[in-house]
Amino acid sequence: MSKYGDLIKKARETEPENQTTRNTEDQTSGLPESEPELEQMVNLCVKVPISQRRYWMSKAKEQGITVTSVIVEALTQKFGEPDNQKARKP
């Protein structure tokens, strides 16, 4: 067994006296219940010259925003959003 294997095994077998087990079935996630499920996020790859990328990244950092939010905003302005879907705001 590994160096800490016995210690880990022992910790898993016994429950510490100062900790109690909680029933997670009756707990809520803390999110508002009325919020609909959000769609899975995926990558959108765009090849750009490295000098432009550096410039855009530094400008975004100066303004405290992400390049992702700028790209999503530009695409939404240009094409809009699908009628049947809600996009997650980055």
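What counts, and at which threshold
- Residues numbered from 1 in each chain as written.
- Predicted model: local features only at pLDDT ≥ 70, side-chain atom pairs only at ≥ 80, totals over all residues.
- Heavy atoms only, no water.
- Helix = DSSP H or I, 4+ residues; strand = E, 2+ residues; numbered from the N terminus.
- Buried < 20%, exposed > 50% of the residue type's maximum accessible area, 1.4 Å probe, protein only.
- Areas by Shrake-Rupley, 256 points an atom, 1.4 Å probe, with all protein chains shown as cover.
- Patch = residues over 30% accessible without salt bridge, like charges linked within 9 Å, V, L, I, M, F, W, Y side chains within 5 Å.
- Salt bridge = Lys/Arg side-chain N within 4 Å of Asp/Glu carboxyl O.
- Expected span 1.5 Å × (residues − 1).
- pLDDT = per-residue confidence, 0-100.

Chemist: So what exactly am I meant to see when it comes to the overall build of the protein here?
Modeler: A tally of regular secondary structure across the protein gives three helices and zero strands. N-terminal to C-terminal, the α/β element order of the protein is α-α-α. Here the protein, with 90 residues, has 2% of them falling under the buried criterion. Total accessible area computed for the protein in this model is approximately 9,500 Å², and 52% of it derives from carbon and sulfur atoms.

Chemist: Looking at this structure, I do not really get a nonpolar patch on the surface. What am I missing?
Modeler: A cluster of nonpolar side chains, Leu 44, Val 46, Val 48, Tyr 55, Trp 56, Ile 71, Leu 75 and Phe 79, forms an exposed patch at the surface whose accessible area comes to about 830 Å². Sorting the residues of the nonpolar patch by element identifies α2 (50–63) and α3 (67–79) as the ones contributing at least two each. In terms of residue count, the dominant contributor to the nonpolar patch is α3 (three residues). Within the fold, Trp 56 resides in helix α2.

Chemist: Hey, could you run me through the pattern of salt bridges in this one?
Modeler: Think of it this way: side chains of opposite charge can pair up when their charged atoms draw near. Taken as a whole and judged by the stated rule, the model has one salt bridge. For Lys 59, the salt bridge identified is with Glu 62, shortest N-O distance 3.7 Å. On the criterion of helical spacing, the pair formed by Lys 59 and Glu 62 is a turn pair, its members being three residues apart in helix α2.

Chemist: Is there a simple way to explain α3 in this structure?
Modeler: Side chains of residues three or four places apart in an α-helix project in the same direction, reflecting 3.6 residues per turn. Here α3 contains 13 residues, and its C-alpha end-to-end distance of 18 Å stays within 8% of the 18 Å for a straight helix at 1.5 Å per residue. Directly beyond the C-terminal end of α3, a positive phi value near 80 degrees is found at Gly 80.

Chemist: What's the story with the confidence of the model for the protein in this structure? I'm lost.
Modeler: Note that predicted coordinates carrying low pLDDT should not be read in detail. Residues at a pLDDT of 70 or more form 66% of the protein, whose mean pLDDT is 79. Per-element confidence in the protein is highest for α2, whose mean pLDDT is 95, and lowest for helix α1 (residues 5–13), whose mean pLDDT is 78.

Chemist: Teacher, can you tell me more about the environment of Arg 53 here?
Modeler: Within the secondary structure layout, Arg 53 lies in helix α2. Taking the relative accessible area as the measure of exposure, Arg 53 reaches 47% and is therefore partly exposed. As for Arg 53 and Val 67, which are separated by 14 residues in sequence, their C-alpha atoms are 9.6 Å apart.

Chemist: Please clarify how the environment of Met 57 should be interpreted in this entry.
Modeler: Here Met 57 shows up in helix α2. Take Met 57: its relative accessible area is 38%, and that puts it in the partly exposed class. Spatially, the C-alpha atoms of Met 57 and Val 67 are 6.6 Å apart, while their sequence positions differ by 10 residues.

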